[in-house]
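Residue-level structure breakdown
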Amino acid sequence: MFRLDKDNPTLRLIVRYMVLTLIALIFVTPILFMMMSSLKPDQQLLADTSSIRAFLPIGDISFDNYKAAFERAPIGMFMLNSLLVTGVTVVLGLLVCSMAGFSFVFLNWRGKSIAFSIILATLIVPFETIAIPMLLMVSKLPWLGLDGFSWGWLNSYRVQIIPFIADGLTIFLFAQYFKDLPKELIEASRIEGCSWWQVYWRVVMPLSGPIIATAAILKFLAMYNQYLWPIMVTQQEQYRPVLVGLQYFFQLNTAWGEVMAYLTIITVPVLAFYLALQRAFIASIASTGVKG
Amino acid sequence: MKITKNLALTLLSAGALGSAFVSTCAFAKTDLSLWYHGAGNKVEAKVINQIVNDFNRSQSDWNVVLESFPQGSYNDSVVAAALANNLPDILDVDGPVMPNWAWAGYLRPLLIDKNKIADFLPGVKGYWDGKLYSIGLWDSAVAMVTRRSTLNEVGARIPTIDSPWTEEEFNGVLKKLKATGKYDYPLDLGMAESGEWFPYAFSPFLQSFGGDLIDRSTYKTAEGTLNGPEAIAFGEWWQSLFVNGYAPGNSQDPADHETGLLEGKYAMQWYGNWAALKTLNKFGDDALFLPAPDFGHGPKIGAASWQFGVSAASKHPQGASDFIEFALQDKYLAAFSDSLGVIPPTQSAATLTTNYRQGGALSVFYVLSKAQALVRPVTPGYIVEAKVFEKALADIADGADVADTLDSAADEINADIEKNRGYSR
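So, how was this worked out
- The numbering scheme is per chain: residues are counted from 1 as the chain's sequence reads.
- Here chains are named by letter from A upward and ligands by number from 1 upward, in the order in which they appear as written.
- Predicted model: local features are reported for residues with pLDDT of at least 70 only, side-chain atom pairs are reported and counted for 80 or more only, and whole-chain, interface and lining totals are derived from all residues.
- Runs of H or I in DSSP of at least four residues are treated as helices and runs of E of at least two as strands, each being numbered from the N terminus.
- With C-beta atoms placed from the backbone, a residue is labelled by how many other C-beta atoms lie within 10 Å of its own: buried for 20 or more, exposed for 12 or fewer, partly exposed between the two.
- Once C-beta atoms have been placed from the backbone, residue pairs whose C-beta atoms lie within 7 Å are recorded as contacts.
- Expected helix span is taken as 1.5 Å per residue step, with the number of steps being one fewer than the number of residues.
- The angle separating two fitted axes, one through the seven residues that finish at a residue and one through the seven that start at it, defines the bend at that residue.
- The term nonpolar core refers to a group of buried residues, namely Ala, Val, Leu, Ile, Met, Phe, Trp, Tyr and Cys, whose C-beta atoms join them within 7 Å.
- The nonpolar class holds Ala, Val, Leu, Ile, Met, Phe, Trp, Tyr, Cys and Pro. Asp, Glu, Lys and Arg form the charged class, and all remaining residues, Gly among them, are polar.
- Throughout, the arc means that of the directions going from the helix axis to the C-beta atoms.
- Domain segmentation is taken from an automatic or database assignment of domains.

1. Considerations on the overall build of chain B
Of the regular secondary structure elements, chain B holds 16 helices and 13 strands. In terms of overall dimensions, chain B has a C-alpha envelope of 110 × 50 × 40 Å along the principal axes. Each of the 425 residues in chain B was classed as buried or not, and the buried ones make up 49%. Pairs at least 24 residues apart make up 74% of the contacts formed inside chain B by residues separated by at least 6 positions.

2. Some details on helix α7 (residues 197–209) of chain B
Note: α-helices contain 3.6 residues per turn, so residues at a spacing of three or four share the same orientation. All names here are of chain B. With 13 residues, α7 should reach 18 Å at 1.5 Å per residue; the first-to-last C-alpha distance of 19 Å fits that figure. Along α7, the helix axis deviates most sharply at Ser-203, where the bend reaches about 35 degrees; the proline Pro-204 sits within four residues downstream. Most of α7 is tucked away: 11 of the 13 residues are buried. Turning to α7, its buried residues are Phe-198, Pro-199, Tyr-200, Phe-202, Ser-203, Pro-204, Phe-205, Leu-206, Gln-207, Ser-208 and Phe-209. The inward-facing, buried residues of α7 abut α8 (229–243), β11 (301–303), β13 (373–375) and α15 (382–397).

3. Focus: the nonpolar core
All names here are of chain B. With 149 residues, the main nonpolar core has Leu-187 and Ile-324 as its most contacted residues. By residue number, the principal contributor to this core is α15, which donates 9 residues. For Ile-324, the residues in contact, after removing those within four places along its chain, are Ile-90, Leu-110, Ile-112, Ile-135 and Phe-308.

4. Focus: the interface of chain B and chain A
Every contact between the two is made by 22 residues of chain B and, on the other side, 24 residues of chain A. For the side of chain B that touches chain A, the leading source of residues is helix α3 (residues 71–83) of chain B, giving 8 residues. Across the side of chain B that touches chain A, the residue classes break down as 9 nonpolar, 9 polar and 4 charged.

5. Brief notes about helix α10 (residues 196–204) of chain A
Residues and elements named next belong to chain A. Among the residues of α10, those classed as buried are Val-199, Tyr-200 and Val-204. In an axial view of α10, the angular spread of the buried residues amounts to 95 degrees, which keeps them on one side of the axis. Among the exposed residues of α10, those pointing more than 90 degrees away from its buried face are Trp-197 and Arg-202. Looking at the packing, one finds that the buried side of α10 touches α4 (75–106), α8 (168–179) and α9 (183–191).

6. So, the domain arrangement of chain B
All names here are of chain B. As assigned here, chain B comprises domain 1 (30–139 + 304–375) and domain 2 (142–299 + 381–423). Each of domain 1 and domain 2 has a C-alpha centre, and the two are 28 Å apart. With 17 residues of domain 1 at the interface, the matching set in domain 2 holds 16 residues. Only α4 (98–103) and α14 (363–372) provide two or more residues apiece to the side of domain 1 that touches domain 2. Examining the composition of the side of domain 1 that touches domain 2, we find that 6 residues originate from one element, α14, more than from any other. Residues that form the side of domain 1 that touches domain 2 fall into these classes: 14 nonpolar, 3 polar and no charged.

Right, here's the structure in full:
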């Protein structure tokens with residue numbers, strides 16, 4: 001029998017674990033439902049939704065939905081497109097936004113405060129409000145590529161990448177993080193003869209693991225989940241990303257098992273990326289000790 | 001000697017190149033881009049690809065290049081392409097949306113021989129402003145789906161096209177079915193669906209009561225049609241379905257909508273021909289596809305599905321129209337019908353199909369389409385009217401005051417018409 005006072009460590013531990021388990025269940029059950037449903041035929045899937053069976057691999061289990069999903073849509077191509085667009089945008093975005101953040105925090109230049117305020121203001125502008133002006137703009141922009149000079153960026157990877165490399169939130173996150181770095185470290189580097197580029201690349205960035213991981217995760221999710229912009233700018237199947245591909249599965253009679261199989265497949269990179277960076281995030285904090 | 005040899009070689013090369021150029025020109029075809037909403041539907045893709053391939057082989061002027069889009073994002077893609085001046089030559093358009101796209105300048109009238117579509121069901125002909133802008137290769141219809149044994153059990157008369165249920169009879173059937181206690185609900189209206197389903201499936205009830213989304217004589221106001229006495233009578237009847245527990249409301253589980261009738265949770269279902277085959281497979285001869293009830297102004301069902309049109313941006317409208325005319329052959333209409341279960345638009349195509357030929361399992365839908373179909377309001381403002389109507393019906397189902405809700409809906413539609421200067425060209 002446990003004593004019900006607040007000093008009982010065993011009871012506190014049990015309560016803590018119960019709360020944590022409950023929270024974990026809230027997050028895990030939708031994913032579990034998706035994965036289990038992807039293994040069931042539609043009739044069973046729909047019948048199971050109202051019971052605990054929805055979360056269990058029981059009944060008529062098979063990988064038929066996965067096979068059918070691959071037959072219905074070019075999933076590999078959609079995945080490749082999304083990973084390419086997301087990967088390039090994240091890498092370039094981290095570079096550009098961190099440099100912008102560095103400039104706002106450590107360099108002195110005329111109009112810095114106004115420029116930073118304008119960038120902050122972009123955080124409250126929903127993308128939907130600027131989508132059409134952006135569409136009109138990119139449809140008329142010039143491009144010099146391997147196949148020569150052309151007008152208009154529609155139906156390309158660049159139209160899905162370049163407009164999203166720099167964004168207000170990532171710049172803001174980097175700037176806020178850089179503000180908390182020890183000023184003495186920067187000053188010492190300058191006194192030792194480092195150029196601003198060297199300060200940025202050799203001093204500041206190695207100390208910025210946590211914010212790089214955080215910004216990467218946020219940007220990855222935003223890019224991987226792109227839907228509105230791709231349907232506006234990619235009329236050719238060869239450039240479509242995964243979320244537009246999801247629409248391939250919604251017909252008059254929706255094949256829910258295939259939908260769940262497709263969702264399971266496209267969720268894997270997100271989970272993998274998050275888990276990979278989660279480790280980097282923790283390791284970065286442990287190794288730098290700056291934020292302690 | 002060497003110079004002569006080189007000259008001869010040069011002339012030979014030039015001759016060969018010239019010949020190749022002429023030969024290439026002789027076989028050069030002009031590309032026509034075609035956008036289609038069926039990405040992800042393998043069966044549909046097979047038929048449309050067959051038509052494209054047959055057309056490309058049948059003549060030497062045009063080469064149609066197909067690009068398929070997923071249906072859920074198709075309209076957004078087209079509107080975005082129109083803004084970016086990037087429309088294709090040929091595109092398909094949902095029937096009720098066509099007037100908006102024609103009004104917005106996305107479409108141009110078709111250049112096809114009208115005699116070739118004289119026998120087509122009225123619902124598949126996309127006329128607006130007196131001009132033919134689009135033509136469908138199939139139509140769809142809804143019916144009251146149930147089982148003969150279900151109706152016999154409560155002693156209900158089985159209605160026919162000539163003698164559909166009256167409002168009183170229909171309500172009586174619902175009451176009796178409810179009283180059996182065997183079903184979660186007597187009727188599944190498909191409230192789990194959203195979007196175009198509401199105006200497509202439910203505005204015919206309103207029209208049968210004598211109301212409408214808009215005054216079709218002018219298309220300038222919804223006052224009196226969407227909030228007049230007939231519309232209010234419809235709204236009160238609509239609300240009674242949910243108050244009396246005859247139909248599941250807005251929170252209906254989509255899974256129940258998919259399987260409820262088949263599993264015996266619902267006694268009847270108001271649903272379309274595209275889902276009819278699974279009902280037939282489950283119930284066989286016991287399955288019934290009944291006409292819409294007559295609420296006083298004749299039984300009505302919706303009409304007009306996806307149709308083909310030519311973009312206003314096309315530099316080759318004749319070639320684009322030629323392709324559409326080519327696609328109107330009975331064999332293709334029948335192929336779509338057999339593959340997708342849709343209704344062929346001509347009797348001659350119907351006779352080629354498995355399900356819609358005389359005595360075919362789904363032939364009743366062709367008859368229903370011919371006898372009861374009423375296209376949704378043929379106006380550019382329809383796309384707003386549809387959304388306003390959907391919200392009003394959902395609110396009324398949730399218990400909102402009928403008169404107030406329909407008044408607000410009519411005001412909203414009128415405000416949109418005014419904002420767009422009457423949708424005049």
